[in-house]
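Working through the structure, step by step
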Amino acid sequence: MQIDDSKLDSFGPLRDFVVDESVEEIWINSPNKVFIARSGKSELTNLVLSKEIVHDLIERLLIWELYRDWETCLS
């Protein structure tokens, strides 16, 4: 996935997983249960997030997604 470096900051502590081309999917079940998928298999990561970080990530990613959708509608 090619993402502008300035936009990568939106992913915060998930950034390394986002730029890792072997990672197909990322999901957060709880602040201490962050999973990724590689080659169709899920892996529990050792990443532990605070509730505040999860909340901030959700807000930033929703805003980023809304912005992306808006750009698509305008083109």
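Preceding this section is the structure that the text describes.
Residues numbered from 1 in each chain as written. Predicted model: local features only at pLDDT ≥ 70, side-chain atom pairs only at ≥ 80, totals over all residues. Heavy atoms only, no water.

1. A few points about the environment of Gly 12
Basically, it comes down to this: Under the scheme used here, helices are H or I runs from DSSP no shorter than 4 residues and strands are E runs no shorter than 2 residues, and both carry numbers assigned from the N terminus. Every residue pair with non-hydrogen atoms within 4.5 Å of one another is taken to be in contact.
Inspection of the secondary structure puts Gly 12 in the loop between helix H1 (5–8) and helix H2 (15–19). Taking the C-alpha atoms as reference, Gly 12 lies 9.1 Å from Asp 56; in sequence the two are 44 residues apart. If near-sequence neighbours (up to four positions away) are discounted, Gly 12 is found in contact with Leu 57 and Arg 60.

2. So, the sheet that holds strand S1 (residues 23–30)
The cut-off we apply is this: Note: two strands are recorded as paired if DSSP finds a minimum of 2 bridges between them. Axis definition: a line fit to C-alpha positions, over the contact stretch in the case of helices; interaxial angles, taken between N-to-C directions, run 0 to 180 degrees.
Across the sheet, which stays open at both edges, the three strands sit in the order S1-S2-S3 with antiparallel pairing between neighbours. The open sheet has two free edges, formed respectively by S1 and strand S3 (41–44), since each of these has just one partner strand. On average, each strand axis in the sheet is inclined to that of its neighbour by 25 degrees, with strand direction left out of account. Two strands pair when backbone bridges link them, and strand S2 (residues 33–38) and S3 are joined in this way by four bridges, in the antiparallel orientation. Along S3, the bridge assignment pairs Phe 35 with Leu 44.

3. A short note on the side chain of Thr 45
In plain terms, the rule: Each residue gets one of three labels from its accessible area relative to the maximum for its type: buried under 20%, exposed over 50%, partly exposed in between, using a 1.4 Å probe on protein chains only. Identification of polar contacts relies on pairs of N or O atoms within 3.5 Å, with a donor-acceptor requirement for protein atoms, meaning one able to donate a hydrogen and the other able to accept it, and with residues adjacent in sequence counted only if both atoms are side-chain atoms.
If you trace the backbone, Thr 45 turns up in the loop between S3 and helix H3 (51–74). Overall, Thr 45 belongs to the buried group, its relative accessible area being 12%. Within the structure, Thr 45 has its side chain in polar contact with the backbone oxygen of Val 34 (distance 2.8 Å). At 3.3 Å, the side chain of Thr 45 and the backbone nitrogen of Leu 47 are in polar contact. Not counting the four nearest positions on each side in its chain, Thr 45 is found in contact with Phe 17, Val 34, Phe 35 and Ile 36.

Geometric descriptors of this kind do not, in isolation, establish any biological role.
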